[in-house]
Amino acid sequence: MSQAQQSPSATARTARAAIVRQQGGPFSVESVEIATPRADEVLVRMVGTGVCHTDLVCRDAFPVPMPIVLGHEGAGIVEAVGSKVSTLRPGDHVVLSFNSCGGCHNCAHEAPAYCFNFMPLNFGGALEDGSSPLSQAGLNIHANFFGQSSFATYAVVRESNAVAIATDLPLEIMGPLGCGIQTGAGAALNSLKVTKGTSFAIFGGGAVGLSALMAAKAVGAAPVIVVEPNAARRQLAVELGADATIDPRAVEDVSAAIKAVGNGGVLAALDTTGIPAVITTAADALLPNGQLGLVGVSPMEANLPVNIMSMITRGIGIKAILEGDSQPREFIPQLVELYRQGKFPFDRLIKTFPFEQINEAAHASEDGSVIKPVVVF
Ligand SMILES: [Zn+2]
Ligand SMILES: [Zn+2]
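Residues numbered from 1 in each chain as written. Chains lettered and ligands numbered in written order. Predicted model: local features only at pLDDT ≥ 70, side-chain atom pairs only at ≥ 80, totals over all residues. Heavy atoms only, no water.

## Some words on the overall build of the protein chain
The test is simple: Starting at the N terminus, helices and strands are each numbered in turn, a helix being any DSSP run of H or I of at least four residues and a strand any DSSP run of E of at least two. In this description the radius of gyration comes from C-alpha coordinates, and the expected globular size is given by 2.2 Å times residues to the power 0.38. Only protein chains enter the accessibility calculation, which uses a 1.4 Å probe. A residue is then buried if its area is under 20% of the maximum for its type, exposed if over 50%, and partly exposed in between. Here, two residues are considered to be in contact whenever any of their heavy atoms come within 4.5 Å of each other. Residue burial considers only the protein chains on display, and all accessible areas are found by Shrake-Rupley using a 1.4 Å probe. Charge counting follows a simple rule: Lys and Arg are positive, Asp and Glu are negative, and His as well as the terminal groups are ignored. We put the charge of a Lys on NZ, of an Arg on CZ, of an Asp on CG and of a Glu on CD.
Along its length, the protein chain carries eleven helices and 18 strands. Here the protein chain has a C-alpha radius of gyration of 21 Å; the compact-globule value for 377 residues is 21 Å, and the two agree. Across its three principal axes, the protein chain shows a C-alpha extent of roughly 65 × 40 × 40 Å. Looking at the protein chain residue by residue over its 377 residues, the buried ones come to 56%. At a minimum sequence separation of 6, the contacts of the protein chain that also span at least 24 residues come to 70%. Carbon and sulfur atoms make up 54% of the accessible area of the protein chain, which totals about 14,900 Å². The positive charge centre, built from 24 side chains, and the negative charge centre, built from 33, are 4 Å apart in the protein chain.

## Describing the domain arrangement of the protein chain
We count it as follows: Per the annotation, domain bounds derive from an automatic or database assignment of domains. Buried area: the sum, over both parts, of the accessible surface (1.4 Å probe) that disappears when the two are put together. A pairing counts as a salt bridge when a side-chain nitrogen of Lys or Arg comes within 4 Å of a carboxyl oxygen of Asp or Glu. Polar contacts, as used here, are pairs of N or O atoms within 3.5 Å; protein pairs need one atom able to donate a hydrogen and one able to accept it. Residues neighboring in sequence count only if both atoms are side-chain atoms.
If you check the domain split of the protein chain, you get domain 1 (11–178 + 345–376) and domain 2 (183–322). On the side of domain 2, 15 residues touch domain 1, which itself brings eleven residues to the contact. Across the interface of domain 1 and domain 2, roughly 1,100 Å² is buried in total on both sides, 68% from carbon and sulfur atoms. Our count for the domain 1 to domain 2 interface comes out at one salt bridge. Here Glu239 makes a salt bridge to Arg348, at a shortest N to O gap of 2.5 Å. The interface formed by domain 1 and domain 2 includes four residue pairs in polar contact (both at pLDDT 80 or more).

## Concerning the coordination of the zinc ion (ligand 2)
Rules: Distances decide who is a donor: an N, O or S atom must be within 2.8 Å of the metal, or within 3.2 Å for Na, K and Ca. Water is not included, so sites may look incomplete.
Protein coordination at the zinc ion (ligand 2) comes from Cys52 (SG), His72 (NE2) and Cys179 (SG), with a distance range of 2.1 to 2.2 Å. Mapping the donors of the zinc ion (ligand 2) onto the primary sequence yields the spacing C-x19-H-x106-C. Of this pair, His72 sits in the loop between strand E4 (68–69) and strand E5 (74–81) while Cys179 sits in the loop between strand E10 (162–165) and helix H4 (180–191), and the two are 107 residues apart along the sequence. A relative accessible area of 1% places His72 in the buried class. On the accessibility criterion, Cys179 (5% relative accessible area) is buried.

## Some remarks on the coordination of the zinc ion (ligand 1)
To keep it simple, the criterion reads: Working rule for geometry: tetrahedral if four donors all subtend angles between 85 and 135 degrees; square planar for four, octahedral for six, if opposite donors exceed 155 degrees and the others stay between 65 and 115; irregular in every other situation.
Donor atoms from the polypeptide that coordinate the zinc ion (ligand 1) comprise Cys101 (SG), Cys104 (SG), Cys107 (SG) and Cys115 (SG), at 2.3 to 2.4 Å from the metal. One way to put it: the four donor atoms around the zinc ion (ligand 1) meet at angles of 101 to 117°, and that makes the site tetrahedral. One chain supplies every donor for the zinc ion (ligand 1), spaced along it as C-x2-C-x2-C-x7-C. Cys101 sits in the partly exposed class, given a relative accessible area of 25%.

## Considerations on the pattern of salt bridges
Applying the stated criterion across every chain, the model contains 13 salt bridges. Glu366 is paired through a salt bridge with Arg59; the nearest N and O atoms lie 2.7 Å apart. Taken together, the positions of Glu366 in helix H11 (residues 358–366) and Arg59 in helix H1 (residues 53–60) put the pair 307 residues apart, joining distant regions of the chain. For Arg59, a relative accessible area of 8% corresponds to the buried category. With a shortest N-O distance of 3.6 Å, Arg234 and Asp247 are connected by a salt bridge. With a gap of 13 residues between them, Arg234 in helix H6 (residues 231–239) and Asp247 in the loop between strand E13 (244–246) and helix H7 (254–261) connect regions that are remote in the sequence. The exposure class assigned to Arg234 is buried, which follows from its relative accessible area of 16%. Residue classification places Asp247 among the buried residues on the basis of a relative accessible area of 19%. Overlapping salt bridges bring together Arg13, Arg45 and Glu79 as one network.

Right under this line is the structure:
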């Protein structure tokens, strides 16, 4: 069992944190000590944290150091700030997002999702100096997952990792704007440049796919087609504005069904499933100059299942997408504004669970009964 080095920061207070002790293990809610924020950090009292697919992948398979506190869709209230923090103050409501270094080429060019240091900063389980803000009985617990480790009553995060939002918003459900919701909406608006009149096919009606749908409809894309085998999710897609839905198990040829609805095909397609055969279908359904976005988690050994000449003769673009190509400081406020206007009702995807029931929340995500579980503190 590896342990992060002892943090140099003084221990400030105790918190309750959901610790994963070994890969495949459950979340265990236990008492931990959390350090005081350093100069560029803030202490956030968590109010609600979304459960994202990536949390469960890291719990079960993706290599992160253990024991660790996961959680990366946190929302909460700033309680203390470090000496160099200038844009946040105690009492501010914040949505936490992914971590980025701020200094590399991509960070300097408004593309922090492709920070050259993205993997260690978000999955390394420690601060850049190897320390951790969380400990238990003198042993450090890996933390700083996505710069936050927000499956805990408190998180220490960098100022740059927290986006302030208005205090009249329902804070307990705002956290998913920091990852899953932003990923879907950003894939549509930022990555695929879906806009008024863009025909758009979305494969998968989970949190990411339905967020892409809501964002696309908010800007007037049409037709927007959702391909999803689960009937309840197809129904929800219709309620959220889908112009058509397709049950891939009920039609012989999904690509032909999309072409029938989309007047020969679609200009944009988004795969959220990671299933190679679905990606083949998505690429096939594109019109000339169409763009395909990939956000699903594929099997590690899978290669692109797309015929190259069929891409070249149509000029098809393929974009692998992280975090919806979002600059959180700009994009989260845009989504909040659409939400206020009633054009982005992401709250319809959410069901809340008490923090102590985090394992039940995770299970509800896995069995598909809840699209976006949020644990509340
Ligand atoms: Zn960077
Ligand atoms: Zn996520």
